[in-house]
Amino acid sequence: MRRIIAVLLENEAGALSRVVGLFAQRNYNIETLTVAPTEDPTLSRLTLTTEGDEGKIEQIIKHLNRLIEVVRVFDLTEGDHLEREIIMIKVRADDAARAEVKRTTDMFRGQIVDVDQNTYTIQLVGPSGKLTAFIDALDGNQVVEVVRSGVSGIGRGDRILSL
Amino acid sequence: MTERLSGGDMLIRALRDEGVEYIFGYPGGAALHIYDAIFRQQEIEHILVRHEQAATHMADGYARATGRPGVVLVTSGPGATNAITGIATAYMDSTPIVVISGQVPNDLIGTDAFQETDMVGISRPVVKHSFLVRAASEIPNVVKKAFYIAASGRPGPVVIDVPKDTTDPNDLHEYSYPAEVSLRSYKPSSGGHVGQIRNAVRALSEARRPVIYAGGGVVQGDASAELVAVARKLGYPVTNTLMGLGAFPGDDPQFLGMLGMHGTYEANCAMHHADLIFAVGARFDDRVTNNAAKFCPEARIIHVDVDPASIAKIIDVDIPIVGHCKVVLAEMLTVLETEITGTLDNADDVTAWWQRIDRWRAEHGLDHDQSERRGAGGSLLPQQVVQAVYRATGGDAYVTSDVGQHQMFAAQYYRFSKPRRWINSGGLGTMGFGFPAAMGVQFAFPDKTVVCITGEGSFMMNMQELSTCMQYSLPIKIINLNNQALGMVKQWQDMQYAGRHSHSTYRDALPDFSQMVGSFGHVGIKVTTLEELNSVIPDIFGDRYRNDLVFLDAHIDPDEHVYPMHIKGGSLKDMVLGNEEPT
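Keep in mind it's a predicted model, so treat the numbers as computed, not measured.

A. Seen up close, the domain arrangement of chain B. All names here are of chain B. For chain B, the assigned domains read domain 1 (4-174), domain 2 (194-364) and domain 3 (369-576). If you average the C-alpha positions of domain 1 and of domain 2, the two centres end up 38 Å apart. Each partner contributes residues to the interface: domain 1 has six residues there, and domain 2 has six residues. Residue composition of the side of domain 1 that touches domain 2, grouped by class: one nonpolar, three polar and two charged.

B. Here's a closer look at the sheet that holds strand β10 (residues 238-240) of chain B. All names here are of chain B. Strand order in the open sheet formed by six strands is β11-β10-β9-β12-β13-β14, with parallel pairing between adjacent strands. Here the strands that pair on one side only, and so sit at the sheet edges, are β11 (255-258) and β14 (319-322). Looking at each pair of strands side by side, their axes are set apart by 15 degrees on average, direction ignored. Against the sheet, helix α10 (residues 265-273) engages β9 (210-214), β10, β11 and β12 (276-280), with an angle of about 105 degrees to β11.

C. Spotlight on the environment of Gly195(B). Here Gly195(B) is to be found in helix α7 (residues 194-206). Separated by 11 residues in sequence, Gly195(B) and Glu206(B) have C-alpha atoms that sit 17 Å apart.

D. A look at helix α13 (residues 347-364) of chain B. All names here are of chain B. Counted at 1.5 Å a residue, the expected span for α13 with its 18 residues is 26 Å, and the 26 Å between its end C-alpha atoms agrees. All of the buried residues in α13 are Trp-353, Ile-357 and Arg-361. Burial along α13 is one-sided: seen end-on, the buried residues are contained in an arc of 80 degrees. Residues of α13 that are exposed and angled more than 90 degrees away from the buried face: Asp-348, Thr-351, Ala-352, Gln-355, Arg-359, Ala-362 and Glu-363. Residues of α13 that are buried make contact with β11 and α10.

E. Quick look at the sheet that holds strand β3 (residues 43-51) of chain A. All names here are of chain A. Taken in spatial order, the four strands make up an open sheet running β2-β3-β1-β4, and their pairing is antiparallel. Looking at which strands have only one partner, the edges of the open sheet turn out to be β2 (32-37) and β4 (70-75). Taking each pair of neighbouring strands and ignoring which way they run, the sheet shows an average axis angle of 15 degrees. When strand β1 (residues 2-10) meets β3, the two strands line up antiparallel, connected through nine bridges. By the bridge assignment, Glu-10 is partnered in β3 with Leu-43. Sheet strands touched by helix α1 (residues 15-25): β1, β2 and β3. Its angle to β1, the strand with the most contacts, is close to 150 degrees.

F. Just the packing of helix α1 (residues 7-17) of chain B against helix α2 (residues 32-39) of chain B, in detail. Residues and elements named next belong to chain B. It is at 8 Å that the axes of α1 and α2 come closest, and there the two elements cross at 55 degrees. Between α1 and α2, the angle is such that the two are oblique. Handedness of the α1/α2 crossing: right-handed. Packed against α1, whose contacting residues are Gly-8, Asp-9, Leu-11 and Ile-12, the element α2 presents His-33, Ile-34, Asp-36, Ala-37 and Ile-38 at the interface.

G. Main features of the UniProt feature "domain: Thiamine pyrophosphate enzyme central" (unreviewed entry) in chain B. This chain's UniProt record puts "domain: Thiamine pyrophosphate enzyme central" (unreviewed entry) on residues 197-331 of chain B. End-to-end, the C-alpha atoms of residues 197-331 of chain B are 8 Å apart, and along that stretch the chain is 34% helix and 20% strand.

H. Quick look at the nonpolar core. Formed by 201 residues in total, the largest nonpolar core has its most connected members in Val72(B), Leu227(B) and Ile277(B). Ranked by the residues each element gives to this core, the list is headed by helix α6 (residues 139-151) of chain B, at nine residues. Leave out the neighbours within four places in its chain, and Val72(B) touches Phe24(B), Gly25(B), Ala55(B), Thr56(B), Ala59(B), Ala83(B), Ile97(B), Val99(B) and Ile100(B). Judged by nonpolar contacts, the second largest core, of 10 residues, contains Ile89(A), Ile122(A), Leu124(A) and Leu131(A).

I. Quick peek at the interface of chain A and chain B. Between chain A and chain B, the residue contacts involve 17 residues of the former and 13 residues of the latter. Listed by contribution, the elements that provide at least two residues to the side of chain A that touches chain B are α1, α2 (54-66) and β4 of chain A. The residue makeup of the side of chain A that touches chain B, split by class, is four nonpolar, seven polar and six charged.

J. Structural view of the pairing of strand β15 (residues 398-401) of chain B. Residues and elements named next belong to chain B. Neither face of β15 is left uncovered, since the one carrying Tyr-398 and Thr-400 and the one carrying Val-399 and Ser-401 both have all their residues buried. Here four bridges tie β15 to strand β17 (residues 450-455), and the two strands are oriented parallel to one another. Bridging from a neighbouring strand, Val-399 pairs with Val-451 of β17. Here β15 pairs with strand β16 (residues 422-423) via two bridges, running parallel. Within β16, the position partnered with Val-399 by the bridge is Trp-422.

Conventions and cut-offs
- Residues numbered from 1 in each chain as written.
- Chains lettered and ligands numbered in written order.
- Predicted model: local features only at pLDDT ≥ 70, side-chain atom pairs only at ≥ 80, totals over all residues.
- Domains from an automatic or database assignment.
- Contact = placed C-beta atoms within 7 Å.
- Nonpolar A, V, L, I, M, F, W, Y, C, P; charged D, E, K, R; others polar.
- Pairing = 2+ DSSP bridges.
- Helix = DSSP H or I, 4+ residues; strand = E, 2+ residues; numbered from the N terminus.
- Axes fitted to C-alpha atoms, helices over the stretch in contact; angles between N-to-C directions.
- Expected span 1.5 Å × (residues − 1).
- Buried ≥ 20, exposed ≤ 12 C-beta atoms within 10 Å, placed from the backbone.
- Arc of directions from axis to C-beta.
- Parallel < 35°, antiparallel > 145°, perpendicular 65-115°, else oblique.
- Left-handed = near helix turned anticlockwise from the far one by under 90°.
- UniProt positions renumbered as here; feature names shortened; annotations may be inferred.
- Core = buried A, V, L, I, M, F, W, Y, C linked by C-beta atoms within 7 Å.

The following block contains the structure:
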């Protein structure tokens, strides 16, 4: 099952490599990973998505907690949460295809953020599934370049990850 | 007025303030400021080794015997990489060591400078934590944190990588050593959950076929007395893992011996047929469980461990208790003593269970007096050597070992009466560990008998330390079970590869060990028969060689195998008992 795990860790050199190294070392899979400092500059917040059965996820969380620089670990998928990812996608859009690409983009509530004679660059925000659906909706031959940010997430309501 | 010290002096002063007696180390360019600081003080003794791997094993042996962190100092580059095997050894067996490595100056890091290696990176998977010192002023705090992390919770190795500029003798800083340390991200658990402890006690009092399965966590956690008290109160059988030997007295009737791949018949059978397993400070290693899918099919499991990640890692647990073994066992004892006053309701079942265990023990238990046996051509047997050492030392020596057949013979036949006496590389299985580990123990306890039971293959992996022993006059007794082969490899090849001894023998290429140790000023003795062995043992452990390092080169029957041995893929009770006889 796919899980979104949020981690608060000390914003120190080398802390991220310990998290990534743990996944490699213990044969756990990382599908996406995002990391940035929080409003408290001594802390970074990392969001990762991974796959595994309940036992494996339990081990991942325990081993993350074992890292000295990890302050808090939170499985967002255990309860109500919001999940967002941003995608930027460059598509070939010459005369005939231009209108069709624009229509599809509007349907997904994406924005065209860069235009030149031959291409559109489209930005789209949403849960990962929606982004994948958008890519699928485009003509594969038109897609030139795709960049995805990886998943960020936050708990709904009073599900709060803080110190 | 606070003193102003250089980074190098602060580092050594901080170690002193931490109560460090010994540093095991080897100098080199990036560590020279630190070595100069060592030269200008008297309180800490530096032990000059001959190879950095040996320094880490010495610190590890010191830590296992005393419970206090061992300290290593190496230089950058090859000094650091040579230390890695010892760090990994300590990591796998959860022993507290602090390894200080010199590093190239901060402004050269990343430039492929001479003797530069990314020590924090290369050690990352095998440390509990590591630090790279960025400024001299950080040093006291980093040392304080390193010792706290190494020794608390589930102990483990900590690396402090020290760039040379941070130890510059001309760069002075105000020194004060922090009285305590607090880390918001690291709060090791101590006492167990009260409700779970009550559940565990209830399960224990209702069990019909219980076994107590205690591991290295009991030794490391100084919880042996509490384990014995709980076991005595319940009257249940106790087995120890390889790492747990000595946690429960080895000659006690309640003790079933070691379990696992080369465990006793009665311990493995009792585990397999148990209806309740009380695991304390053990981690269900694959060398214990055999095939995890067939592990103890009828048992409920209680598991006490200080490390939450050890619980339910391999085997699902019914009653998990996260906490320090010593604290949890003491709490359990209190509950047991208030709630269980008379005879337990399960007394009849437990009596019947003991009868079954005693039958297993009588059928195929280990023979602790093999003096009537003879090997091929009348040769000496490895079990006889271990038994002779056991008798001569009253079961009370510090015994280190390496890895292989000799290690298993020592574990089976030296019946440890106390914790911290049996020191071996159980997790990583590091050949070359035993001899330097024994040196670390001997430094910790200069007046105690320290024995290294080894094999010639393992011994040759760190024998350069004979020179260190000469320098520091260490009277270690090395018992070399010499079968002229890598015995455990050869045993597997005999049993699983139709006797094709691929690269496991070197019969014509061995030194005369007696002469070799003699050239270092030590005593070398060669024996080939039980009679010769019996004639030299009193001297080795008596007054004659009290102050000498003695190397007993015991030539043993090269075809002797270690039994019992698990059948691969089977359950705990599936064993070969000897001469290809499966259970």
